[in-house]
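# Examination of the molecular architecture
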Amino acid sequence: MFVFRLDTHSGVPPYLQLVQQVRQAVLLGFLQPGDRLPLIREVVEDLAINPNTVAKAYRQMEQENLVTGRPGQGTFVNEQQSAVMSASTYTSLRRGLTTWLRRAYAAGLDEQAVDALFTSVHQQTRNEEVA
């Protein structure tokens, strides 16, 4: 079963963290169409957060068509329009990114510098692809 985690130091609202985790899990193939998300009360108990926060996240995911709520049954992952990454592609990209991160930290960059570098290169690359 899928398990949510919260980072209280991220500055990202808890409901958005839940939504982002499901988006990423679907993209990476960890959650498949038809998989059931934990019940709201289960998430509330596991994370010790307000039920309204979890309900807000689930509503957001429904609005984004990531999931569908079925009364009395739970909330289930929908078929996605975009292709899900294959396991081999995921593994290869993860290895490359892990190597890059180790090199960045070994070069003396802290987490903020790594984030800034990644974000700037990511934006530049996206802009080049659009042009």
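Residues numbered from 1 in each chain as written. Predicted model: local features only at pLDDT ≥ 70, side-chain atom pairs only at ≥ 80, totals over all residues. Heavy atoms only, no water.

Going by what an unreviewed UniProt entry lists, the protein chain is known as GntR family transcriptional regulator and is assigned to Actinoplanes campanulatus.

### Description of the overall build of the protein chain
Assigned secondary structure in the protein chain consists of five helices and two strands. Each helix and strand of the protein chain, ordered N terminal to C terminal, gives the series α-α-α-β-β-α-α. Considered along the principal axes of its C-alpha atoms, the protein chain spans approximately 50 × 30 × 30 Å. A buried classification covers 25% of the 131 residues belonging to the protein chain. Relative to all contacts within the protein chain whose residues are 6 or more apart in sequence, the contacts with residues 24 or more apart total 50%. Accessible surface, the protein chain: about 9200 Å² in total, of which carbon and sulfur atoms supply 51%. Each charge class in the protein chain can be summarised by its mean position, and for the 12 positive and 13 negative side chains these summaries are 3 Å apart. (Helix = DSSP H or I, 4+ residues; strand = E, 2+ residues; numbered from the N terminus. Buried < 20%, exposed > 50% of the residue type's maximum accessible area, 1.4 Å probe, protein only. Contact = heavy atoms within 4.5 Å. Areas by Shrake-Rupley, 256 points an atom, 1.4 Å probe, with all protein chains shown as cover. Lys, Arg positive; Asp, Glu negative; His and termini not counted. Charge placed at Lys NZ, Arg CZ, Asp CG, Glu CD.)

### Considerations on the nonpolar core
A general tendency of soluble globular proteins is for nonpolar side chains to be buried together. Phe4, Leu18, Val22, Leu31, Leu37, Tyr58 and Met61 are the most contacted members of the largest nonpolar core, which totals 21 residues. Among the elements of the structure, helix H1 (14-27), helix H2 (40-47) and helix H3 (51-63) are those that each provide at least two residues to this core. Broken down by element, the residue count for this core peaks at six residues, all from H1. In this view, Leu37 contacts Phe2, Val22, Leu31, Tyr58, Met61, Val67, Thr75 and Val77; residues no more than four positions away in its chain are not counted. (Core = buried A, V, L, I, M, F, W, Y, C linked by side-chain atoms within 4.5 Å.)

### A short note on the domain arrangement of the protein chain
Here the protein chain is described as being made up of domain 1 (14-77) and domain 2 (87-129). The centre of domain 1, based on its C-alpha atoms, is set 28 Å off from the matching centre of domain 2. (Domains from an automatic or database assignment.)

### Quick notes on the packing of aromatic side chains
Scanning all chains against the criterion turns up two aromatic pairs. For the ring pair Phe4 and Tyr58, a centre distance of 6.5 Å and an interplane angle of 50° mean the geometry is tilted. Remark: Tyr58 occurs in helix H3 and Phe4 occurs in the segment before H1; sequence separation between them is 54 residues. Residues Phe4 and Tyr58 agree in their burial class; the two are buried. (Phe/Tyr/Trp six-rings, centres within 6.5 Å; stacked < 30°, edge-to-face > 60°.)

### Remarks on the layout of surface pockets
Quantified by volume, the largest pocket comes out at close to 990 Å³. In terms of lining, the largest pocket is formed by 19 residues, of which the most central are Gln24, Leu97, Leu101, Asp115 and Phe118. When residues of the lining of the largest pocket are traced back to their parent elements, those giving at least two are H1, helix H4 (87-106) and helix H5 (111-130). Among the residues making up the lining of the largest pocket, the classes are represented as eleven nonpolar, four polar and four charged. Both domains that furnish three or more residues to the lining of the largest pocket are identified here as domain 1 (14-77) and domain 2 (87-129). Reported here for the second largest pocket is a volume of approximately 200 Å³. Around the second largest pocket, the lining residues are Gln17, Gln20, Gln21, Gln24, Ala25, Leu28 and Phe30. (1 Å grid on protein atoms, 1.4 Å probe; cavity = no way out; pocket = protein on both sides within 12 Å on 5 of 7 lines; lining within 4 Å. Points joined across faces, edges and corners; volume = space filled by probe spheres on them. Nonpolar A, V, L, I, M, F, W, Y, C, P; charged D, E, K, R; others polar.)

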